[in-house]
Amino acid sequence: MTSRRAFIAGALSAPVLMRLGGLAFAAPLPRLGDLAKQKGLFFGAAITSEQVTAADGYAALLADQCGAYVAEWESKWGAIEWVRGHREYDSVDTIVAAAKSGGKMLRGHTLLWHFQLPPWADDAVLGSSGAWDELVAPFIFETAKRYAGDIAQWDVVNEVIEPEWQEPDGLRVTPFLAMRGRGYIADAFHLAAAAAPDARLYINEYDLCYAEDDQEKRRAAMLALLERLIADGVPVHGLGLQTHLKIGRTFDASRYRAFLDDVAGLGLDLAITELDVGEGPDPKGDTATRDRRNADEVRKVLEVAFEQKRLTGIVTWSLGDAVSYTRVSGESPDNRGLPFDEFLAPTAMHATLADLFAQADQRSAASS
Ligand code: XIL
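What counts, and at which threshold
- Residues numbered from 1 in each chain as written.
- Predicted model: local features only at pLDDT ≥ 70, side-chain atom pairs only at ≥ 80, totals over all residues.
- Heavy atoms only, no water.
- Phe/Tyr/Trp six-rings, centres within 6.5 Å; stacked < 30°, edge-to-face > 60°.
- Helix = DSSP H or I, 4+ residues; strand = E, 2+ residues; numbered from the N terminus.
- Lys NZ or Arg CZ within 6 Å of the ring centre and 35° of its normal.
- Salt bridge = Lys/Arg side-chain N within 4 Å of Asp/Glu carboxyl O.
- Buried < 20%, exposed > 50% of the residue type's maximum accessible area, 1.4 Å probe, protein only.

**Q** Could you clarify how one ought to interpret the packing of aromatic side chains in this entry?
**A** Any two aromatic rings considered together are summarised by their centre-to-centre distance and by the angle between their planes. Within this structure, the stated rule accounts for 8 aromatic pairs. Ring geometry for Trp 77 against Trp 120: centres 5.6 Å apart, planes inclined by 90°, an arrangement best described as edge-to-face. Here Trp 77, found in helix H5 (residues 77-80), pairs with Trp 120, found in the loop between strand E5 (105-109) and helix H7 (123-126); they are 43 residues apart in sequence, far enough to count as distant. Ring geometry for Phe 306 and Phe 357: centres 5.5 Å apart, planes at 70°, overall edge-to-face. Remark: Phe 357 occurs in helix H15 (residues 348-359) and Phe 306 occurs in helix H13 (residues 287-306); sequence separation between them is 51 residues. Members of the aromatic cluster, each reached through a chain of ring pairs, are Phe 43, Phe 306 and Phe 357. Against the face of Trp 165 rests Arg 172, its NZ or CZ located 5.6 Å from the ring centre. Above the ring of Tyr 206, the side-chain terminus of Arg 218 is found at 4.1 Å from the ring centroid.

Next comes the structure, spelled out in structure tokens:
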């Protein structure tokens, strides 16, 4: 048995029913979280407190396949401080408890994002003097502090660049930029570092992997921002690459590799933080064709990311298609963009991820 097959065999889960052309047979299924962990990486998925505590097949699959969890939406400002001045952490506490009882690593998402704001945090409130010190900073600090020692990696800020808007540094215009100037990113990192000194602190961003000019501009803006933050002594430790892949986009491995080399060259860790594949509104072909296409899209992009020694792990944005953001948001109602379909059957992407972990070089687990 080749070493790769032996490696995967070592992480086999209990036999699970798989469907193949209507035939059901028991076959072992590699546990992605175990495969990743054996190489000093993590594999996990975005979850909700309900999903991870339900007594159903999806909860069992999450526990079986994931070595890491991240709250899909419940640890965002709008979900926690629904009522101004009152921060409710029960749902996140549930997720943290499930992770701790299951021996899972935790990513935190996200301390500062211009979406999913509290309902009362409108432009007038966020534009008022003192908004940062009285509203934003307390949420960042209290949330990071509450989970200090539990959440290993925090997405301190999310989606902060938008070069199309011609702002200095290619920054996205958000209420936080307006209230604080471009220093708001550094301020958020310093607050998080003070609150959770052992957490690894990340910037999380989308659309950084494809060859189109707009993504080339995004990569340049992100690199310049990271260079500036590091030069200013900001405690940024990693870049989260959301990696919402899209069928039909142009990929140039050399451009992506050069970008990752530059980021890692700054001494920063990397994580694939929201992996899924968007097929678009009318995907062509039968299920097998679609699954193969989506798995190949993952392989061609992630093969380049896996070359990076500073890669710490992979998170998919949900584990199963039935609850995927791509479907629920209406972007692609029957999207097949995750390692498991709506019937909890593994897709070709599961085998591709298992193979990528099997081929991965050994990392030191400490960087996670
Ligand atoms: C999405 C969640 O999947 C939804 O459940 C929520 O309603 C909105 O946010 N990029 C991000 C994530 O960084 O936080 C978003 O998650 C998906 C896009």
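On we go from here.
**Q** Looking at this structure, how should I read the pattern of salt bridges?
**A** Two side chains of opposite charge can pair, provided their charged atoms sit close to one another. In total, this model carries 34 salt bridges according to the counting rule given. A salt bridge links Glu 162 to Arg 172; its shortest N-O distance comes to 3.9 Å. In this pair, Glu 162 is assigned in the loop between strand E6 (153-158) and helix H9 (175-180) and Arg 172 in the loop between E6 and H9, connecting sequence segments 10 residues apart. Considered together, Glu 162 and Arg 172 belong to a single accessibility category, that of buried residues. The residue Arg 336 makes a salt bridge to Glu 342 at a minimum N-O spacing of 3.8 Å. Classification of Glu 342 by relative accessible area gives partly exposed; the value is 29%. One salt-bridge network, in which partners are shared between bridges, spans Asp 291, Arg 327, Arg 336, Asp 341 and Glu 342.

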